[in-house]
Amino acid sequence: MAYMRSVPRAWRERKIKYQLIGGKCKDCGKSFYPYRQVCPACGSENVEEVKLPERGVVEVFTVVRSPPSDFAWQAPYVVALVRLEDGTLVPAQITDVDPDEVHEGMEVEAVFRKYREQGQQGIIEYGIKFRPRTW
Ligand SMILES: [Zn+2]
């Protein structure tokens, strides 16, 4: 697989994307995803990387039926705010489900999936999505 060609880079991306690494602010205590160096809540730069829980529930969601062209291959799809077990809100796609079956409060878990295909260059990006919990 082409995206595995650079092993150290692939491992780094796997750590960041698959393990759901977010940031936690040491000043106000808020955690967030994706990781960034400045806390979105209070503006502090006193932020550390944390591994976020991979389970949560759908808080709100939207069904996207006419997406931008990079995402057209997967329409219709569901974009949601997922509230993780520790309270962190994560914006993400919901996958492996009929959009009509998604509902608020649905229990979901993080998975690593193809995220975007950039038409002409054929660049494929992978990232975190959530799917309904199967247990
Ligand atoms: Zn903060």
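Residues numbered from 1 in each chain as written. Predicted model: local features only at pLDDT ≥ 70, side-chain atom pairs only at ≥ 80, totals over all residues. Heavy atoms only, no water.

- As annotated in an unreviewed UniProt entry, the protein is Zn-ribbon domain-containing OB-fold protein from Thermofilum pendens.

**Quick word on the coordination of the zinc ion**
Here is step 1: Every protein donor of the zinc ion is listed here as Cys25 (SG), Cys28 (SG), Cys39 (SG) and Cys42 (SG), and their distances to the metal cover 2.3 Å.
Here is step 2: Because the angles between the 4 donor atoms bound to the zinc ion fall within 107 to 116°, the donor set is best described as tetrahedral.
Here is step 3: Coordination of the zinc ion draws on donor residues from a single chain, spaced C-x2-C-x10-C-x2-C in sequence. Here cysteine 42 lies in the loop between strand 2 (31–32) and strand 3 (47–51) and cysteine 25 lies in strand 1 (residues 21–25), a separation of 17 residues in the sequence.
Here is step 4: By relative accessible area, which is 2% here, cysteine 25 ends up buried. (Donors = N, O, S within 2.8 Å, 3.2 Å for Na, K, Ca; no water. Tetrahedral: all angles 85-135°; square planar, octahedral: opposite > 155°, others 65-115°. Helix = DSSP H or I, 4+ residues; strand = E, 2+ residues; numbered from the N terminus. Buried < 20%, exposed > 50% of the residue type's maximum accessible area, 1.4 Å probe, protein only.)

**What about the pattern of salt bridges?**
Here is step 1: On inspection of all chains with the given rule, the structure shows 5 salt bridges.
Here is step 2: Among the salt bridges present, the one from lysine 51 reaches glutamate 54, with a minimum N-O distance of 3.3 Å.
Here is step 3: In this structure, arginine 113 engages aspartate 96 in a salt bridge whose closest nitrogen and oxygen atoms are separated by 2.8 Å. Here arginine 113 is found in strand 7 (residues 107–118), whereas its partner aspartate 96 is found in the loop between strand 6 (89–94) and strand 7, with 17 residues between them in sequence.
Here is step 4: Here arginine 113 falls in the partly exposed class, since its relative accessible area comes to 26%. (Salt bridge = Lys/Arg side-chain N within 4 Å of Asp/Glu carboxyl O.)

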